[in-house]
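Notes for the structure review
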Amino acid sequence: MINIHIEMSSMKKWVLITGASSGIGKALAFEFAKNGFNLFLTARNENALTEVSEACQRKFNIESEVFPADLADAGSTDDLVKEISGRKFDVLVNNAGFGIKGDFVETNIHDELKMLHVQLIALLRLTKAVLPKMVESKRGNILSVASVYSFAPAPMQSVYSASKAFILHFSSALQNEVKNANVQISVVCPGITQTEFRTRAGIADKKASGMTAEKVAETSFLQMMKGRHIIIPGFQNKFFVFMAKYIPSELFTSVVRWINNRRGVNQRS
Ligand SMILES: NC(=O)c1ccc[n+]([C@@H]2O[C@H](COP(=O)([O-])OP(=O)(O)OC[C@H]3O[C@@H](n4cnc5c(N)ncnc54)[C@H](OP(=O)(O)O)[C@@H]3O)[C@@H](O)[C@H]2O)c1
């Protein structure tokens, strides 16, 4: 662990953000810091995390810690859970994730299991670690990053889209469970966003450019603070979700495949 550790003594609120080394998580770190939050940032890339952390400290005069962890690894996730277990966080942001593209008969099951560890198992473990204290103190927010695919099965991204549906359903059930405890569970469902996500997943896209990570982060923060449960940033994404809700599922799944085929998303790399 890089110890930019300063005692959690200030009156400022603390936010724990996973996947804060790039993309939406990095933009969320800047957004929370801009709004006066102290940061506890985690991801694998220690150098990138430290850069984000130091930049936020300099620019916004907040406190910040980084804790490198591989959320696909059970031992590393244990270390993170141990590190945070004695602490209280005002906000948990479950953002870390990555995509896998390809027909399920061809994709590597070990990569898919890693993805589920990062996006689901780590999310459950961190939520279990922070939520009881939030409920006890009747204060706190959890923001999980899902996707517009939470609403629609995506052929050639079957495990990814199903995992995002899990995040949405889990968050909605949790929101109901804690509704009398003054704890807010929010889930943000972005569509295409300009981050490293697509290159990392080997997704080429001839047409789409998408929203900036900064805009997604700003909308997520504002809507979370307003107490919104499901946050869908951007008109195009809202339209996609509207269609997903009202077009019969089997047909819409074919539509998603057709759109992705046309855009080159489903091309074999
Ligand atoms: N970009 C899109 O079009 C889009 C659309 C909908 C939803 N999302 C969701 O948005 C979230 C953030 O993705 P992004 O678009 O910002 O992509 P990104 O730029 O690739 O960022 C992904 C983040 O997750 C972290 N991460 C990946 N594997 C990890 C592991 N094994 N252990 C710990 N951290 C790990 C990465 O950090 P390290 O590599 O340093 O570990 C990085 O900070 C994801 O949950 C993604 O599913 C993205």
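Source: prediction; values computed, not measured. (Residues numbered from 1 in each chain as written. Predicted model: local features only at pLDDT ≥ 70, side-chain atom pairs only at ≥ 80, totals over all residues.)

**Here's the deal with the site of the ligand**
Threshold: In this text, near has one meaning. A residue is near a molecule or strand if its C-beta atom, placed using the backbone, is within 6 Å of it. Only DSSP runs of H or I covering at least 4 residues are called helices, and only runs of E covering at least 2 are called strands; the numbering of each starts at the N terminus. Each residue gets one of three labels, nonpolar for Ala, Val, Leu, Ile, Met, Phe, Trp, Tyr, Cys and Pro, charged for Asp, Glu, Lys and Arg, and polar for the others, Gly among them.
In the vicinity of the ligand, 29 residues are found, and the nearest of them are Gly19, Gly23, Arg44, Asn45 and Gly97. Elements supplying a minimum of two residues to the shell around the ligand: α1 (23-34) and α6 (197-201). For the shell around the ligand, the residue count by class is 13 nonpolar, twelve polar and four charged.

**Thoughts on α1**
Selection criterion: Multiplying one less than the number of residues by 1.5 Å gives the expected span of a helix. Whether a residue is buried, exposed or partly exposed is read from the other C-beta atoms within 10 Å of its own C-beta, which are placed from the backbone; 20 or more gives buried, 12 or fewer gives exposed, and intermediate counts give partly exposed.
With twelve residues, α1 ought to run about 16 Å at 1.5 Å a step, and its terminal C-alpha atoms sit 17 Å apart, in line with that. For α1, the buried fraction is high: eleven of the twelve residues fall into the buried class. Within α1, the full set of buried residues consists of Gly23, Ile24, Gly25, Lys26, Ala27, Leu28, Ala29, Phe30, Glu31, Phe32 and Ala33. With its phi angle positive at about 90°, Gly36 sits one or two positions after the end of α1.

**Details of the sheet that holds strand β3 (residues 64-66)**
Selection criterion: Here, any two strands with at least 2 DSSP bridges between them count as paired. We call two residues in contact when the distance between their C-beta atoms, placed using the backbone, is within 7 Å. For helices, the fitted line uses only the C-alpha atoms of the stretch in contact; every axis is such a line through C-alpha atoms, and the angle between N-to-C directions lies from 0 to 180 degrees.
Here seven strands make up an open sheet; going across it, the order is β3-β2-β1-β4-β5-β6-β9 and the pairing parallel. Since the sheet does not close on itself, it has two edges, and those belong to β3 and β9 (230-231), each with one partner. Where strand β1 (residues 14-18) lies against strand β2 (residues 38-42), five bridges are found, and the strand directions are parallel. Opposite Val15, over in β2, you have Leu39 as the bridge partner. Helix α4 (residues 109-137) rests against β1, β4 (91-94), β5 (140-145) and β6 (183-188) of the sheet, and its axis sits at about 165° to β4.

**Concerning the confidence of the model for the chain**
Rules: On a scale of 0 to 100, pLDDT captures the predictor's confidence in every residue.
This prediction gives the chain a mean pLDDT of 93; 95% of its residues lie at or above 70. Every residue in residues 1-9 scores below 50 in pLDDT, and together they form 13 contacts with partners more than four places removed in sequence or on other chains.

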